[in-house]
Amino acid sequence: MDPLRQSPSPSSSQASSPRTLSCEGLGYVGIEAVLDQLKIKAMKMGFEFNIMVVGQSGLGKSTMVNTLFKSKIWKSMMPGLRVPTPQTLQLHSVTHVIEENGVKLKLTVTDTPGFGDQINNDKCWDPILGYINEQYERYLQEEILITRQRRIPDTRVHCCIYFVPPTGHCLRPLDLEFLQRLCRAVNVVPVIARADSLTIEEREAFRHRIQDDLKTHSIEVYPQKCFDEDVNDKILNSKIRERIPFAVVGADREHMVNGRCVLGRKTKWGIIEVENMAHCEFPLLRDLLIRSHLQDLKDITHNVHYENYRIVRLKESHALPRGPGWVNLAPAPSTAPGPAPTGTRASPGPAKVCRWAEDNSDEDF
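Residues numbered from 1 in each chain as written. Predicted model: local features only at pLDDT ≥ 70, side-chain atom pairs only at ≥ 80, totals over all residues. Heavy atoms only, no water.

A. Local environment of the pattern of salt bridges. Taken as a whole and assessed by the stated rule, the structure comprises 18 salt bridges. Among the ionic pairs, R138 bridges to E134, the shortest N-O distance being 3.3 Å. A residue pair is termed a helical-turn pair when its members lie 3 or 4 positions apart in one helix, as R138 and E134 do in helix α4 (residues 126-143) at 4 residues. The class for R138 is partly exposed, based on a relative accessible area of 46%. Residue D228 pairs with R241 through a salt bridge whose shortest N-O separation is 2.8 Å. Residue D228 is located in the loop between α6 (200-216) and α7 (231-243), and its partner R241 is located in helix α7; the two are separated by 13 residues in the primary sequence. Both residues of the pair, D228 and R241, count as buried. Counted as one network, the salt bridges with shared partners bring together E204, R207, R243 and E281. (Salt bridge = Lys/Arg side-chain N within 4 Å of Asp/Glu carboxyl O. Helix = DSSP H or I, 4+ residues; strand = E, 2+ residues; numbered from the N terminus. Buried < 20%, exposed > 50% of the residue type's maximum accessible area, 1.4 Å probe, protein only.)

Structure, rendered in structure tokens:
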């Protein structure tokens, strides 16, 4: 018999951790009421959700955001009005508070006009990645204050919708190069923009080529396989992964179809209904971002992407700025700097100054 599997002796059982004993319920306690308490508190505080849309000009990014939230989040330009192409990539953010059935959502949308529109697109992704890391840095600086806010403002990008031009061929080298960097910093959901310009056969062939490109170049888009927590998540996310990138069509105007009012684009051949799965896959994108995975997007942003950034920054904490109200995360520089002693977490000195060793810099405060 394996000695590791022998039954414990009485003496060893006494030293082991206490077991959780089940007890018979004698009546209603009301533990389930905590769910109502959480709901009331959440409705009072509201929710924050920050998304970024990336893609070339003319792919319908602004219209898609308006369609997702059925609000005029972004005002489109008047037809026929030409807007000069920006010489450099510029980031524009707009924040709205949307309320539905008593639930408030503070929505921040960041647009990236000018991405991929230049003749020389070398490192055109740097401003985008810099903006994402800047939001992580803001959150980190608030988090390491001695006296922190009760609720730290969350401006971190929770999801990035990447608009792929409907070329029908494959991903461009620019797309592959950028997505490899972007997926390491934020949750990325790719979509085929203006999918109504492709036939159904062309759309499916284009989707499979994109999926092959993503797999070949080891690009993990959301939802990532490694974050499936249970069997139900695995089944749901597997169905989503089969349809990514979603073929979407955006429209913010309503039309009458068979006596009902629908969102769609009117052409001389008919009306393309954006919420009709037979016409496009906009409902799948909406359900993913809002109805089924919104909280999961925020959790992965905080527990994975932000945590990765936080670990790197704390390991190089000597570069963090110092000022009133800041925690000193590294020993003060001396004339002959040397490595901090392993295992040292605090050194004598002022009561409000904590000094962390390099080896322990990624621990929680």
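B. Representation of the sheet that holds strand β1 (residues 47-54) within the structure. Reading across the sheet, the 6 strands line up as β2-β3-β1-β4-β5-β6 and stay open at both edges, with mixed pairing between neighbours. Of all the strands in the sheet, just β2 (92-100) and β6 (246-247) have a single pairing partner and so form its edges. Here strand β5 (residues 188-192) pairs with β6 via 2 bridges, running parallel. Pairing of V191 across the sheet is with F246, part of β6. Packed onto the sheet, α6 meets β4 (159-164), β5 and β6 and runs at close to 150 degrees relative to β5. (Pairing = 2+ DSSP bridges. Contact = heavy atoms within 4.5 Å. Axes fitted to C-alpha atoms, helices over the stretch in contact; angles between N-to-C directions.)

The values reported here are purely geometric and, on their own, carry no functional implication.
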